[in-house]
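Each chain is listed here by its residues.
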Amino acid sequence: MDLVTLGQLLNTTLVFSTALIFAALGGIFSERSGVVNIGLEGLMMFGAFAAAVGGHYAQDAGMGAWAPWVGVLCAMAVGVIGSLIHAVASITFKADQTISGTVINFLAAGSTLYMVKLFFDGAGESPLIDGFKKFSVPVLSKIPVIGEGIFNSYPTTYLAIILVIVIYFVLFKTPFGLRLRAVGEHPSAADTLGVNVKRMRYIGVMLSGLLAGIGGATITLTTTGTFAHNTISGQGFIAIAAMIFGKWNPLGAFGAAVFFGFSQAIRNYVQLFEWSKSIPQEFIFMIPYVLTIIVLVGAVGRSSAPKALGEPYDPGKR
């Protein structure tokens, strides 16, 4: 493999990793606050749908290069609204958090497909839109391999990398991060010290919806240009795996997301080789999901989740 191809593989890896990074960071906020969120898949669907609709109408309104950013804003808003359903059910009404997250996934799968047909005259997918264009960083983009791989990317990729650093700092170096982690580890102790457990958990879940929404929007606005029922196709669950494998740490989740992104990128490159033509295409497309299962099995017993994860907080039981 020559240097040019290696750079292209790295670039493709980051393209596939970006959505996973956003969703995994969102999952970290929710689960660090003590609320299980397996609804990331559904929240990404909501975001991808909202980005497609918002971007389409913004493009028709003549907003040009700003249209994709309108799509991102719509995805953020709809992601937060979707996450509020999970928050109300699991925090206010103390419903089983796994079931609540599953409901989000089913709700998103059905409602987004219905709304696509409603908005676009019965079509099975939204119209094709002009998404983000890749931006080359002057000078740095000329570096062999790394320049082509990292510094010639979509704006959302740069944003995802910056957010990894920012969120790590917020979680581990600020009072807000300390409170959020406290309600996920020892909510009773945090409550005793004056931390509003319910409010912090609501914030954590809403941030997960916001970031997962951006993750879904990233797929619509960079790789597909449209939204259909299979646009997300398991990316939310892979993001959960990245979060767990990364031990609920932004830096670890970033590394895991890049690994899973690489598994998707290599799937595309494998098909270019002559010997791969003898392998059923279904097996090649299974690569990212098989790796996800292997990684999760290997992570069992090695990753330590927040101690109060999945436990509704009852002040009366302190």
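Bear in mind the structure is a predicted one, so any value in this text is a computation, not a measurement.

**Re the side chain of Thr156**
Part 1 of the reasoning: With respect to the helices and strands, the residue Thr156 is situated in helix α6 (residues 155-173).
Part 2 of the reasoning: Beyond its immediate sequence surroundings of up to four residues, Thr156 is in contact with Thr18, Phe22, Phe132, Thr218 and Thr222.

**Concerning the nonpolar core**
Part 1 of the reasoning: Membership of the largest hydrophobic core comes to 63 residues, with the highest contact counts inside it found for Leu25, Met44, Ile167, Leu211, Leu221 and Phe260.
Part 2 of the reasoning: Apart from residues no more than four positions distant in its own chain, Leu25 is found in contact with Leu163, Val164, Ile167, Leu211 and Pro250.
Part 3 of the reasoning: The next biggest cluster of nonpolar side chains, apart from the first, holds five residues, and it includes Val35, Ala87, Ile91 and Val205.

**Here we look at unusual backbone geometry**
Part 1 of the reasoning: For Lys94, which is not a glycine, the phi torsion comes out positive at approximately 55°.
Part 2 of the reasoning: Of note, Lys94 is situated in the loop between α3 (67-92) and α4 (97-119).
Part 3 of the reasoning: The exposure class of Lys94 is partly exposed, given its relative accessible area of 38%.
Part 4 of the reasoning: Of note in this structure, Lys247 is not a glycine but carries a positive phi near 60°.
Part 5 of the reasoning: When you line up the elements, Lys247 lands in the loop between α10 (235-245) and α11 (250-270).

**Here's the deal with the layout of surface pockets**
Part 1 of the reasoning: Considering only enclosed or pocket space, the largest pocket measures out at about 350 Å³ in volume.
Part 2 of the reasoning: Lining the largest pocket are 21 residues; nearest its centre among them are Phe16, Ile219, Thr224, Thr231 and Ser233.
Part 3 of the reasoning: Sorting the residues of the lining of the largest pocket by element identifies α1 (3-32), α9 (197-224) and α11 as the ones contributing at least two each.
Part 4 of the reasoning: Looking at which element gives the most residues to the lining of the largest pocket, the answer is α9, with five residues.
Part 5 of the reasoning: Residue composition of the lining of the largest pocket, by class: nine nonpolar, ten polar and two charged.

**Here we look at α9**
Along an α-helix, residues three or four positions apart point the same way, because every turn accommodates 3.6 residues.
Part 1 of the reasoning: Its 28 residues give α9 an end-to-end C-alpha distance of 40 Å, which sits within 8% of 40 Å, the value for a rise of 1.5 Å per residue.
Part 2 of the reasoning: Most of α9 sits out of view: 20 of its 28 residues are buried.
Part 3 of the reasoning: For α9, the N-terminal cap is Asn196; the gap from its side-chain oxygen to the backbone nitrogen of Lys198 is 3.3 Å.
Part 4 of the reasoning: Of the residues trailing α9, Gly225 is marked for its positive phi of about 75°.

Basis of the calculations
Residues numbered from 1 in each chain as written. Predicted model: local features only at pLDDT ≥ 70, side-chain atom pairs only at ≥ 80, totals over all residues. Heavy atoms only, no water. Helix = DSSP H or I, 4+ residues; strand = E, 2+ residues; numbered from the N terminus. Contact = heavy atoms within 4.5 Å. Core = buried A, V, L, I, M, F, W, Y, C linked by side-chain atoms within 4.5 Å. Buried < 20%, exposed > 50% of the residue type's maximum accessible area, 1.4 Å probe, protein only. 1 Å grid on protein atoms, 1.4 Å probe; cavity = no way out; pocket = protein on both sides within 12 Å on 5 of 7 lines; lining within 4 Å. Points joined across faces, edges and corners; volume = space filled by probe spheres on them. Nonpolar A, V, L, I, M, F, W, Y, C, P; charged D, E, K, R; others polar. Expected span 1.5 Å × (residues − 1). Polar contact = N/O pair within 3.5 Å; in protein donor to acceptor, adjacent residues only side chain to side chain.

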